[in-house]
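# Analysis of the macromolecular model
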Amino acid sequence: EEAEKIVPKLAEKEFDLIIGHSYEYTKLLRKLAPLHPKTFFCITGGETSRLPNLCSVNFKNEQYGYLIGVVAGLNTSTNKIGIVVGEKIPSVEKIIIGLRKGLKSVNPKADLTGSYMDDLSDSAKGREAAIEQINTGVDIITHFADISGIGVIKAAEESDISAIGALSDQHELAPTTVISSGIQDLSQLIFLVCEHYYDHSLEPIAYYYGLKDQVIDITPGYGNIDPTTETRINRIKAKLVEMESSKKEEEVENQRKFSN
């Protein structure tokens with residue numbers, strides 16, 4: 001509701017670039033873009049609609065999930081992996097798809113269990129959801145649940161199993177429990193949008209950024225992952241970057257054709 005009031009006021013002031021952080025801004029920015037042709041609008045995690053002054057910028061969420069899946073699949077003993085989700089949204093569903101692919105690529109016997117809480121700000125609920133999974137034999141658990149995810153990591157620590165942090169380096173929350181963390185660097189994502197705008201290369205298409213652009217990564221194991229296993233993980237990362245580099249130009253060109 002606040003966005004419905006604030007963003008139109010910003011547009012009326014004719015700012016050069018307005019970025020809405022979240023796919024939830026999609027409907028609003030699609031409505032505003034035709035009314036303010038001098039402003040370029042951008043949505044993080046949203047979609048475009050062939051408007052000449054609207055783009056979207058996204059993390060390669062399947063790639064993020066794939067990396068988490070690789071780490072989990074190479075470090076599980078029970079072949080049971082868990083993820084606790086705070087909100088069921090398209091970007092998270094893509095993460096889970098990628099996680100399953102990464103998991104199976106290195107450990108075909110491993111299975112993934114998921115829990116949806118519909119709550120991003122309750123660490124107690126996160127802890128409860130994690131304990132339910134741990135009681136079924138899950139020995140590595142991750143989350144995509146903001147503050148609720150802290151409870152997931154604490155449950156893993158209490159149960160003496162491993163956890164994989166989310167979005168930022170969460171090693172310090174439980175130094176012997178968190179074996180790695182997935183990284184999504186929002187500041188770098190926004191920087192890339194602004195860089196494109198100021199060098200006049202921002203286009204009305206959907207941009208996707210990953211490892212190659214340093215917006216997605218995983219942290220080192222801080223001694224909690226066997227060195228041989230960590231070397232294998234890094235080789236897989238390097239292969240993903242190589243594949244990403246070869247596909248990037250082709251993807252952008254296809255989107256340009258679609259947008260015209």
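Here, the structure is the one placed above.
The present account deals with the structure reproduced in this document. (Residues numbered from 1 in each chain as written. Predicted model: local features only at pLDDT ≥ 70, side-chain atom pairs only at ≥ 80, totals over all residues. Heavy atoms only, no water.)

This paragraph deals with the pattern of salt bridges. Scanning the model with the defined rule gives 8 salt bridges in all. The residue Lys-101 makes a salt bridge to Glu-62 at a minimum N-O spacing of 3.3 Å. Pair noted here: Lys-101 is in helix α4 (residues 90–106) and Glu-62 is in helix α3 (residues 61–75), with a separation of 39 residues, a long-range link. With relative accessibility at 46%, the residue Lys-101 sits in the partly exposed group. Looking at Glu-62, the relative accessible area reads 32%, which means it is partly exposed. Ionic pairing is found between Glu-158 and Arg-127, a salt bridge with its closest N-O pair at 3.0 Å. Taken as a pair, Glu-158 in helix α6 (residues 148–159) and Arg-127 in helix α5 (residues 123–134) lie far apart in primary sequence, 31 residues in all. Taking relative accessible area as the criterion, Arg-127 reaches 34% and is therefore assigned partly exposed. (Salt bridge = Lys/Arg side-chain N within 4 Å of Asp/Glu carboxyl O. Helix = DSSP H or I, 4+ residues; strand = E, 2+ residues; numbered from the N terminus. Buried < 20%, exposed > 50% of the residue type's maximum accessible area, 1.4 Å probe, protein only.)

The strand order across the open sheet built from 6 strands is β5-β4-β6-β7-β8-β10, with neighbouring strands paired in mixed fashion. Strand pairing shows two members of the sheet lacking a second neighbour, β5 (111–116) and β10 (216–218), which therefore form its edges. Mean inter-strand twist for the sheet, computed between neighbouring axes without regard to direction, equals 20 degrees. Pairing of strand β4 (residues 80–85) with strand β6 (residues 140–144), which is carried by 5 bridges, proceeds in the parallel orientation. (Pairing = 2+ DSSP bridges. Axes fitted to C-alpha atoms, helices over the stretch in contact; angles between N-to-C directions.)

The strand order across the open sheet formed by 4 strands is β1-β2-β3-β9, and the pairing between neighbours is parallel. If you trace the sheet from one side to the other, it starts and ends with β1 (17–21) and β9 (206–209), each paired once. For this sheet, the mean inter-axis angle between neighbouring strands, taken without regard to orientation, is 20 degrees. Two strands pair when backbone bridges link them, and strand β2 (residues 40–44) and strand β3 (residues 54–59) are joined in this way by 4 bridges, in the parallel orientation. Bridged to Thr-44 within β3 is Val-57.

What follows concerns α6. Between the first and last C-alpha of α6 there are 17 Å, a value that for 12 residues agrees with the 16 Å anticipated at 1.5 Å per step. Within the sequence span of α6, burial applies to Ser-148, Gly-149, Gly-151, Val-152, Ile-153, Ala-155 and Ala-156. On the buried face of α6, the contacting elements are β4, α5, β6, β7 (162–165) and β8 (178–184). In the segment just after α6, Asp-160 is the residue with positive phi, at about 60 degrees. (Expected span 1.5 Å × (residues − 1). Contact = heavy atoms within 4.5 Å.)

Okay, the packing of aromatic side chains next. Enumeration over the complete set of coordinates arrives at 3 aromatic pairs. Plain terms: the ring middles of Tyr-64 and Phe-144 are 6.0 Å apart, the flat faces sit at 85 degrees to each other, and that makes the pair edge-to-face. In this pair, Tyr-64 sits in helix α3 while Phe-144 sits in strand β6, placing the two residues 80 residues apart along the sequence. Pair check on accessibility: Tyr-64 and Phe-144 agree, each one buried. Taking the centre distance of 5.2 Å and the plane angle of 90 degrees together, the rings of Tyr-197 and Tyr-198 count as edge-to-face. (Phe/Tyr/Trp six-rings, centres within 6.5 Å; stacked < 30°, edge-to-face > 60°.)

With that settled, consider the environment of Gly-182. Inspection of the secondary structure puts Gly-182 in strand β8. What makes Gly-182 buried here is its relative accessible area of 0%. Between the alpha carbons of Gly-182 and Val-92 there is a distance of 13 Å; along the sequence they are 90 residues apart. Those residues within four positions of Gly-182 in sequence are excluded, and the remaining contacts are Tyr-64, Ile-68, Ile-164, Gly-165, Ala-166, Leu-167, Ser-168, Asp-217 and Ile-218.

The next point concerns the packing of α5 against α6. Contact geometry for α5 and α6: axes closest at 6 Å, N-to-C directions at 45 degrees. Considering their axes alone, α5 and α6 lie oblique with respect to each other. For the pair α5 and α6, the sense of crossing is right-handed. In this structure, α5 contributes Ser-123, Gly-126, Arg-127, Ala-130, Ile-131 and Ile-134 to the contact, and α6 contributes Ser-148, Gly-151, Val-152, Ala-155, Ala-156, Glu-158 and Ser-159. (Parallel < 35°, antiparallel > 145°, perpendicular 65-115°, else oblique. Left-handed = near helix turned anticlockwise from the far one by under 90°.)

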